[in-house]
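# What the coordinates show
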There are 2 protein chains.
Amino acid sequence: MNKIITIGRQFGSGGRDIGKLVAEKLGFAFYDRDLISIAAEKSGMSKAVLTEADEKAASPWVYAAIGQSGQTNFLPTNDTLFAVQSQIILDIAKTENAVIVGRCADYILREAPVELLNVYLYASDAARVKRVSERLGITEQQALQKMKRHDKQRKLYYDFYTDRKWAAHVNYHLTLDSEKFGDEGTAAIIAAAMNAKRT
Amino acid sequence: MNKIITIGRQFGSGGRDIGKLVAEKLGFAFYDRDLISIAAEKSGMSKAVLTEADEKAASPWVYAAIGQSGQTNFLPTNDTLFAVQSQIILDIAKTENAVIVGRCADYILREAPVELLNVYLYASDAARVKRVSERLGITEQQALQKMKRHDKQRKLYYDFYTDRKWAAHVNYHLTLDSEKFGDEGTAAIIAAAMNAKRT
């Protein structure tokens, strides 16, 4: 049975950096935005269009517009991307040990025959603003706005495509304050949890 | 600077057993209900009375009754116990490395000069019912009722004496599903987190 670590995360809490470190420590594959490229390849859809829809739920008006158009075999890009990514994530789980960041992977794999470790990362607003402004070379004010927007989108996306609540600790096996432990420390604890897992 | 691990927990999630394992692994002192005996000794109050008040907030009517009595230098046992336990917990933090289960220790030590690791443990209702009914030799139905009552009391107690919300992951550095990892696994992850801590 393959081992899969899913990482849900607040924007700016270091999910990508920490996920990569965990994958390195354990010798696992790592998937984050790369899932978009694979999805574009598999679906024949434009990578730019998919990137725009990544980790976002479609606006309600898209469904209204589709309803009025009378089309029945037509879905918003967001739903198509979710469906294609779900299939890719299930395929990954069948073929290798992996760390997967975001994309509701915890939910998509809920009944898959894998050894699943679901992790959620958070950090204080101050720590996240600092990380985001440094990474993107923007002001702290801009970083704060970006952070709030992205967290709202991620929450909408997660709550829309799953029957769970984003950031509720009962959805995860392990919830960590990445600011407290630092990237290396957080990755070490997640790796320890993967090895300590009983079931 | 001494190292203190505080463990908040749902009733039946194994806080006591897991806390003891962590203390053994790290060579730390362990405090749980023992704090009552120390409090009785220090305060000269009856251990039976203190045990009754342990981890419970006083009923609102107690404060109403005190108000009407015109007494101003009189507190419910619960408040006295909280004050005495707070002092004991601060003293422990000054003298040794320790694991402290419950009693709002995370809040009491929030500004103390210690290396603090705040942990919260939870598990599914089914796992907790099983643990409680086995430990106490009661039926699963009785265990479920006891569990619900205790969790309500703990939440009231925590929310009353702190300005935080019980079980909200942002209050803790690490939140763990003890059912997923088992007692040994959970203890190993907490020990790893203590050693991995950056600050």
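See above for the structure.
Here's what I pulled together on the structure shown here. All figures in this text were calculated on a predicted structure; none of them were measured in a lab. (Residues numbered from 1 in each chain as written. Chains lettered and ligands numbered in written order. Predicted model: local features only at pLDDT ≥ 70, side-chain atom pairs only at ≥ 80, totals over all residues. Heavy atoms only, no water.)

### Brief notes about the overall build of chain A
- When helices and strands are tallied, chain A shows 9 helices and 5 strands.
- Taken over 199 residues, chain A has a buried fraction of 54%.
- Partitioning the intrachain contacts of chain A with sequence separation of at least 6 by distance along the chain shows that 72% fall at a separation of at least 24.
- Entry remark: accessible area of chain A is about 9300 Å², with carbon and sulfur atoms responsible for 52%. (Helix = DSSP H or I, 4+ residues; strand = E, 2+ residues; numbered from the N terminus. Buried < 20%, exposed > 50% of the residue type's maximum accessible area, 1.4 Å probe, protein only. Contact = heavy atoms within 4.5 Å. Areas by Shrake-Rupley, 256 points an atom, 1.4 Å probe, with all protein chains shown as cover.)

### Side note on helix H7 (residues 125-136) of chain B
Residues and elements named next belong to chain B.
- For H7, with 12 residues, the first-to-last C-alpha span of 16 Å sits near the 16 Å given by 1.5 Å per residue.
- Every buried residue belonging to H7 is among Arg128, Val129, Arg131, Val132 and Ser133, and all of these are buried.
- Among the structural elements, helix H1 (15-26), helix H8 (140-161) and helix H9 (178-196) are those in contact with the buried residues of H7. (Expected span 1.5 Å × (residues − 1).)

### Let's talk about the nonpolar core
- Counting residues in hydrophobic clusters, the biggest one holds 43 residues, and the most contacted among them are Ile5 and Ile190 of chain A together with Ile5 and Ile190 of chain B.
- In terms of residues, this core owes the most to one element, helix H9 (residues 178-196) of chain A, which gives 7 residues.
- Apart from residues lying up to four places away in sequence, Ile5 of chain A is in contact with Val22, Leu26, Phe28, Ala98, Val99, Ile100, Leu117, Val119, Ile190 and Met194 of chain A.
- Ranked by size, the runner-up nonpolar core spans 34 residues in total, among them Ile4, Ala53, Ile88 and Tyr120 of chain A. (Core = buried A, V, L, I, M, F, W, Y, C linked by side-chain atoms within 4.5 Å.)

### Here we look at the interface of chain B and chain A
- Tallying the contact residues gives 25 residues for chain B and 25 residues for chain A.
- Both sides together, the interface formed by chain B and chain A hides about 2100 Å², and carbon and sulfur atoms give 61% of it.
- Our count for the contact surface shared by chain B and chain A stands at 0 salt bridges.
- In this assembly, chain B and chain A are joined by 9 residue pairs in polar contact (both at pLDDT 80 or more). (Buried area = accessible area lost by both parts, 1.4 Å probe. Salt bridge = Lys/Arg side-chain N within 4 Å of Asp/Glu carboxyl O. Polar contact = N/O pair within 3.5 Å; in protein donor to acceptor, adjacent residues only side chain to side chain.)

### Describing the relation of the copies chain B and chain A
- Overlay of chain B on chain A (RMSD 0.0 Å): rotation 180°, translation along the axis 0.0 Å. The symmetry that links the two subunits is that of a two-fold axis. Minimal C-alpha separation from the rotation axis in chain B is found for Thr175 of chain B, amounting to 2.4 Å.
- Comparing interface residues between copies, 100% of those in chain B also sit at the interface in chain A, which points to an isologous, same-surface contact. (Least-squares fit on C-alpha atoms with pLDDT ≥ 70 in both.)

Geometric descriptors of this kind do not, in isolation, establish any biological role.
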